Amino acid sequence: MKNLAGKYKKIICVCSGGCTSSGSGKVLAGLQAAAAEKGLAGKVLVRPVGCHGFCQQGPIVTVEPEKIFYTRVTEADVPDILEALETNRPVERLLYVDPTSGKPVVTYDQIPFYSRQQKLVLEKCGCINPENIEDYLDQGGYKALKKVLSTMTPQEVVDEVKNSGLRGRGGAGFPTGIKWQGALSAKIKDKRYVICNADEGDPGAFMDRSVLEGDPHSVLEGMAICGFATGSHEGYIYVRAEYPLAIKRLKIAIAQAEEYGLLGDNILNSGFNFHIKIKAGAGAFVCGEGTALMASIEGSRGMPRFKTARSTEKGLWGKPTTLNNVETFANIPVIINKGSRWYSSIGTEKSTGTKIFSLTGKVVNTGLVEVPMGVTLRRIIFDIGGGIQNNKKFKAVQAGGPSGGCIPADYLDLPVDYDSLDEVGAMMGSGGLVVLDETTCMVDLARFFLKFTQQESCGKCTPCREGTKRMLEILTRICEGKGTPKDIDDLERLSRVISSTSLCGLGKSAPNPVLSTLKYFRSEYEAHINDKRCPAGVCSNLLVYTIDAAKCTGCGACARACPAGAISGEKKQPHAIDAGLCIKCGSCLQKCKFGAVVKK
Amino acid sequence: MPTCCCQNNAVDDRQKALQRALSKYQNTKGALIPLLQEAQEIYGYLPGEVMQYLSKELKIPFSKVYGVATFYAQFHLQPRGRNVIRVCTGTACHVKGAGGILQSIQESLGIKSGETTADLRYTLETVACLGACGLAPAMMVNNDTYGRLTPAETLQVLKQYK
Amino acid sequence: MSTITLTINGQQVTVPAGSTILKAAEKLGVFIPTLCHHPQLTAVASCRICVVEVTFKGRKKLVPACMTGAQDGMEVETESAAVVESRRTILELLLANHPQDCLTCGQNGDCRLQDYAFRYNVPGAGFSGERHAYKIEDDNPFIIRDMNKCILCGRCVRMCAEIQGDGVIDFAHRGFNTKISTAMDLPLSKSECVFCGNCAAVCPVGALQEKGLRSSARTWEVKKVKTICPYCGTGCSIELNVKDGRVVGVTSCDGEVNGPALCVKGRFGYGFIHHPDRLTTPLIKKNGRFVEASWEETISLVAEKLTGIKNDHGPDALAVLSSARCTNEENYLLQKFTRAVLGTNNIDHCARL
Ligand SMILES: Cc1cc2nc3c(=O)[nH]c(=O)nc-3n(C[C@H](O)[C@H](O)[C@H](O)COP(=O)(O)O)c2cc1C
Ligand code: SF4
Ligand code: SF4
Ligand code: FES
């Protein structure tokens, strides 16, 4: 925290990103009211900030400049937090407890989850009020735009981005500078567009949301710089409908930037005009695909189009269009401010900079993690993520969402970048990492992703529309114990054809979850098909519930819980489950206090 | 349709609101989707006549308006409940037991995903991902997000919505 | 004009810049199957049956021939193993969601799905699972609409929007549930459809069938007789579909004037040809009743009456209205007759009304 610390003695930052869903709104209101009541106005600033990334522990409240980090704060904790400001003794019960040492940690820079990250893009998230442009300016915001407008030519900006080695963070990893060059050199000059892709639809990914909700100006600044570099005066942000808070904050940010002369006509008296409009999506994952997104902005069904020219030649309304992801744009001010040489020294040779991952699933610390490219999966999952919940065994990590694949334990030391992930059959995608433990069934997981892509297929081209449906049906059959050996051949053939003949990336990548699980966990498929067995104990049709007579005390709790009346037995005598009646709901397993119900 | 004066007023107000929306988007390219969004805000869903009206005003074939409205998950062609429950069944939530949450809601409300209770109190839906994966399993009721749910808590939450 | 030279199945071919691979293959006489492609309509590359294997700049991949531009030095394989596997799988997928009732289908013998299944040896649906179960729409006199047979190529949609200019149908819903539909999914009879039948003309399968034609003859039983539509002066080419000496239907045939398009009269207005009420001899009203007469008698009577009126009231008491159903030559003769024989300029034509 820079400057602001000087104006106020203390700043209390309350996460109002993802934490709002765990009740941070009330905490914020409570702190503001109580601080006012105590007459702390000019001394203590209570400010809503963007996501800290450590959502697992939310609602999170931090106190600056000491960097005190409170977790799972509720309204009831408000008086203690304020009192602690005076006594200078942090509220112990709210501190984060290090799971390995069992000791409380006072400040966030001592928490491994944070200390092992490197935040370039998320630097300001979690310490500035996203609804106040002053906070952003205070932290050096819009300096990059000023620099570009006053000292650089468009070609110089494009060169700088090229030299930085930045690659698109939206999934495909296309070099951003080369894309911008395409737009700058496009034949059509009368009109050009910049589009920010904020349709973040990969289930399991929420980094774009955090940036938009926590630091919207960084994206606007990146877009304006792109506009200048590519000769465009009009930008759109396509935000998915499910992110109302992001839309609200963007609207506020755009209005404030216009008021400050940082967007709109004649920005900073440079003669450069740039206007940004928000387009709210209407609920279609495929609209994250570039051509579908443009069709949607144009007011049509979001069906991808076969490209006969690059979008930077012919995009939105047939005009040259530069489409980049939220995180890509948020990297731009950093590159301009610190220089491409500095930027490209971070990460690996072919994947520079940092990447934000959303770490979810069966990992101890779920949340957003920003690390340099090339860091190993082990570091992300174990050092930062704290390992697997409940001391279970790590099985695999699903990278890249529905277009990505599963990476097994053998590759934990894989340095994560665009190319290495591709090589192992996964994908960077937008950066979702779902950690799976031994209780995850890989066939069920593949089915889950296929269900998603199948539901989100636009229906335009035959292989994706009809093929994903059949793949899903086959996977469902296998999970239900009705699979045949031919099913694996069919899955492989369908995968081959769908990925090589589909029109857009959705279809082309839809088979990846199946292909990668078939590659690394084929035996699980075979167990389902040949032995009618689900090794992870997930596929309910294949499970058998029995009662271990030695452990059963005959309390009858299971029999009362069973909705199917499948359990019988005399009082105080071992009970038994009638496999014919059992519907495999698992109620008995949950109810039994003696561990006598066995699921196999 | 039953008519009484108050209802007529409501109808009038909605028409006026739609008119205002239309004039806001006059001469804007790609206005169809934002207008459908506004119309749905106003009417709660997209009645056929409203789509037909927009089609005439925007000079876009009615079939295309229908095609767009049925493409996007956000649009509804049937009336909806006062409270819309959206249970996330995204990856993280799936792994963390979204199935159980959904099932408990379905059982307690007696409706399936995509349906509305007879008293129009709730509409139940599933969504692919709410982007609150760190708080899985999660759901949204109207614009409020709830995370780290258990089936019992979920039912408690729903009771608050009348 | 600049040109491009590429190789298709080992043969070199040179085409104008901007040509698609499909065009280049046509020039060589190399067959590539197509479903969604139609030369008169915007290309969409959605069915993917036309994929070919292209090696270009050291990279090999499958691309749709109908929209991929030919490039200098491209090497194209139109029947490689990967291509054939893809086409077969796509056909199996289409058939897995398509009624297998070729025996009774009116389109039997004139169906691309059938032809390609034969060519690529696809005996039937390769996959079991859910199929569509839409109601067959049969409530209008012109078109039978069976969306269970639709392969979603979208030709009908483009036809209606781009050539007919109506946009009565469009894609609705999405994914597996995508359906070609009118607004609100009403039957055509309750929509703004004008029943030109142009959608049926371009449908590559049996999803849209001309009701009369497809229910009265197998496709191979009819003899197609090319002629010009008699309804108006546009001069659209039509094909009379003749079975056992009777016209059982009209189809379009990519005429020079009209392409694949016709209007409702040209396509469906052929019922009069064999109608029992149709006049086959002139009738003269005698004593309040029409009585069959010979041409000699009739023409003499008309000439006599016309001469009488002209003599009594002058030529301008006469006026002639010609019919849009006449050919240009007939119309020419009629005006000549009016001016030169009757001696009046009172000649007009119904198409002006
Ligand atoms: C089905 C599908 C969904 C996509 N969704 C997104 C998305 O939500 N956000 C995004 O930035 N890119 C998404 N992409 C990638 C975009 O097509 C495009 O590559 C990207 O926005 C370009 O920006 P970048 O170069 O900055 O990554 C998606 C692609 C496909 C095929
Ligand atoms: S691959 Fe799927 S989503 Fe993409 S165009 Fe084809 S049907 Fe639509
Ligand atoms: S009805 Fe025929 S032309 Fe129309 S989309 Fe279906 S198959 Fe194609
Ligand atoms: S004919 Fe080329 S994709 Fe359909």
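Residues numbered from 1 in each chain as written. Chains lettered and ligands numbered in written order. Predicted model: local features only at pLDDT ≥ 70, side-chain atom pairs only at ≥ 80, totals over all residues. Heavy atoms only, no water.

Section: helix α3 (residues 112-119) of chain C
All names here are of chain C. Defined as follows: For every residue, the accessible area obtained with a 1.4 Å probe (protein chains only) is divided by the maximum for its type, and the residue is called buried under 20%, exposed over 50%, and partly exposed between those limits. Segments assigned H or I by DSSP are reported as helices when at least four residues long, segments assigned E as strands when at least two residues long, and all are numbered from the N terminus. Directions drawn from the helix axis to the C-beta atoms are what define this arc. In this analysis, two residues are considered to be in contact whenever any of their non-hydrogen atoms come within 4.5 Å of each other.
For α3, the set of buried residues is L113, Y116 and A117. Buried residues of α3, seen end-on, are gathered within an arc of 105° and therefore sit on one face of the element. Tucked into the core, α3 has its buried residues touching α2 (81-95). Phi turns positive, to about 55°, at N121, one or two residues after α3.

Some thoughts on the interface of chain C and chain B
Using the following cut-off: Once two parts are joined, some of their accessible surface, as seen by a 1.4 Å probe, is lost; buried area is that loss totalled over both. Think of a salt bridge as a Lys or Arg side-chain nitrogen and an Asp or Glu carboxyl oxygen that are within 4 Å of each other. Counted as a polar contact is a pair of N or O atoms within 3.5 Å, where, for protein atoms, one must be capable of donating a hydrogen and the other of accepting one, and residues adjacent in sequence contribute only when both atoms are in side chains. Nonpolar residues are Ala, Val, Leu, Ile, Met, Phe, Trp, Tyr, Cys and Pro. Charged residues are Asp, Glu, Lys and Arg, and all others, Gly as well, are polar.
Residue-level contacts link 13 residues of chain C with 12 residues of chain B. Together chain C and chain B conceal approximately 960 Å² of surface at their shared face, both sides included; 62% is due to carbon and sulfur atoms. When the area that chain C buries against chain B is broken down by residue, the three leading residues are H173, R174 and M184 of chain C, summing to 51%. The interface formed by chain C and chain B contains 0 salt bridges. Inspection of the chain C/chain B interface yields 3 residue pairs in polar contact (both at pLDDT 80 or more). Put simply, the parts of the chain that give the side of chain C that touches chain B at least two residues each are β7 (169-172) and β8 (179-182) of chain C. Counting residues per element, the side of chain C that touches chain B draws most heavily on β7 of chain C, which supplies 4 residues. Residue composition of the side of chain C that touches chain B, by class: 6 nonpolar, 4 polar and 3 charged.

Quick look at empty space enclosed by the protein
Residues and elements named next belong to chain C. Applicable threshold: Using a 1 Å grid laid over the protein atoms alone, points where a 1.4 Å probe fits but cannot get out form a cavity; open sets with protein on both sides within 12 Å along at least 5 of 7 lines form a pocket; any residue with an atom within 4 Å of a point counts as lining. Grid points are joined across faces, edges and corners, and a volume is the space filled by probe spheres set on the points.
If you walk through the whole model with that rule in mind, you get 8 cavities of 30 Å³ or more. A volume near 120 Å³ is recorded for the largest cavity. Mapped onto the lining of the largest cavity, the elements with two or more residues apiece are α4 (155-163) and α5 (198-202). Grouping the amino acids of the lining of the largest cavity by side-chain chemistry returns 10 nonpolar, 3 polar and 1 charged.

With respect to the nonpolar core
Rules: Here, the term nonpolar core denotes a set of buried Ala, Val, Leu, Ile, Met, Phe, Trp, Tyr and Cys residues that are joined through side-chain atoms within 4.5 Å.
Counting residues in each nonpolar core, the largest one holds 87 residues, and the members touching the most others are L36 and Y72 of chain B together with I180 of chain C. Those residues in contact with L36 of chain B, other than ones at most four positions away along the chain, are L46, M51, L54, V65, V68, A69 and F75 of chain B. Of all hydrophobic cores here, the second largest spans 77 residues; its members include V211, I225, I276 and V326 of chain A.

A closer look at the sheet that holds strand β3 (residues 51-56) of chain C
Residue and element names in this part refer to chain C. For clarity, the threshold we go by: By this definition, two strands are paired if DSSP reports at least two bridges between them. Here the axes come from fitting lines to C-alpha atoms, over the contacting stretch only for helices, and the angles between their N-to-C directions go from 0 to 180 degrees.
An order of β2-β1-β5-β3-β4 is seen for the 5 strands of this open sheet, with the pairing classed as mixed. Both outer strands of the open sheet, β2 (11-16) and β4 (59-64), are each paired with one neighbouring strand and no more. Sheet twist, expressed as the average angle between the axes of neighbouring strands with direction ignored, equals 35°. Bridge count for β3 against strand β5 (residues 75-77) is 3 bridges, and the pairing is antiparallel.

A look at the domain arrangement of chain C
Applicable threshold: Each domain span listed reflects an automatic or database assignment of domains.
Its domain assignment divides chain C into domain 1 (3-79), domain 2 (222-278) and domain 3 (285-349). Each of domain 2 of chain C and domain 3 of chain C has a C-alpha centre, and these two points are 29 Å apart.

Remarks on the confidence of the model for chain B
Reading fine detail from the predicted coordinates is not recommended where pLDDT is low. Residue and element names in this part refer to chain B. Filter applied, for reference: Confidence of the predictor at the level of single residues is captured by pLDDT, which takes values from 0 to 100.
Summary statistics for chain B give a mean pLDDT of 88 and a share of 93% for residues scoring 70 or more. Taken element by element, the predicted model of chain B shows its lowest mean pLDDT in helix α5 (residues 91-95) (75) and its highest in helix α4 (residues 62-71) (98). Contacts for the low-pLDDT stretch residues 1-6, under 50 throughout, to residues beyond four places or in other chains number 2 contacts.

A look at a positive patch on the surface
All names here are of chain A. Keep this limit in mind: Each patch is built from salt-bridge-free residues with over 30% relative accessible area, joining like charges within 9 Å and nonpolar side chains (Val, Leu, Ile, Met, Phe, Trp, Tyr) within 5 Å. Computed by Shrake-Rupley with a 1.4 Å probe, the accessible areas treat only the displayed protein chains as cover when residues are assessed. Charge assignment: positive for Lys and Arg, negative for Asp and Glu; neither His nor the chain ends contribute. By convention, charge coordinates are those of NZ in Lys, CZ in Arg, CG in Asp, or CD in Glu.
Side chains of R560, K571, K572 and K593 sit close together on the surface and give a patch of like positive charge. By the element assignment, K572 lies in the loop between β17 (567-568) and β18 (576-577). The exposure class of K572 is exposed, given its relative accessible area of 68%.

Some remarks on the domain arrangement of chain B
By domain assignment, chain B separates into domain 1 (8-71) and domain 2 (83-158). For domain 1 of chain B and domain 2 of chain B, the distance between their C-alpha centroids amounts to 29 Å.

Observations regarding the sheet that holds strand β4 (residues 68-70) of chain A
Residues and elements named next belong to chain A. Pairing in this open sheet of 4 strands is mixed, and the strands run β2-β1-β3-β4 from one edge to the other. At either end of the open sheet lies a strand with only one pairing partner, and these are β2 (44-49) and β4. Going from strand to strand, the sheet's axes swing by 20° on average, the running direction of each strand aside. Along the sheet, helix α3 (residues 78-87) makes contact with β1 (10-15), β2, β3 (61-64) and β4, crossing β1 at roughly 155°.

Let's talk about the site of ligand 2
We count it as follows: Consider each residue's heavy atoms; a residue with any of them within 4 Å of a molecule or strand counts as near.
Surveying the vicinity of ligand 2 reveals 13 residues, the closest of which are C458, K460, C461, C464 and C504 of chain A. Per-class residue counts for the shell around ligand 2 are 8 nonpolar, 4 polar and 1 charged.

Section: the packing of helix α9 (residues 207-214) of chain A against helix α10 (residues 216-230) of chain A
Residues and elements named next belong to chain A. Rules: To sort the angles, those under 35 degrees are grouped as roughly parallel, those over 145 as roughly antiparallel, those from 65 to 115 as roughly perpendicular, and the leftovers as oblique.
Two elements in contact, α9 and α10, have axes whose closest approach is 5 Å; the angle formed by their N-to-C orientations is 95°. Relative to α10, α9 is oriented roughly perpendicular. Residues V211, L212, E213 and G214 of α9 pack against P216, S218 and V219 of α10. Taken together, the residues that form the contact of α9 with α10 break down as 4 nonpolar, 2 polar and 1 charged.

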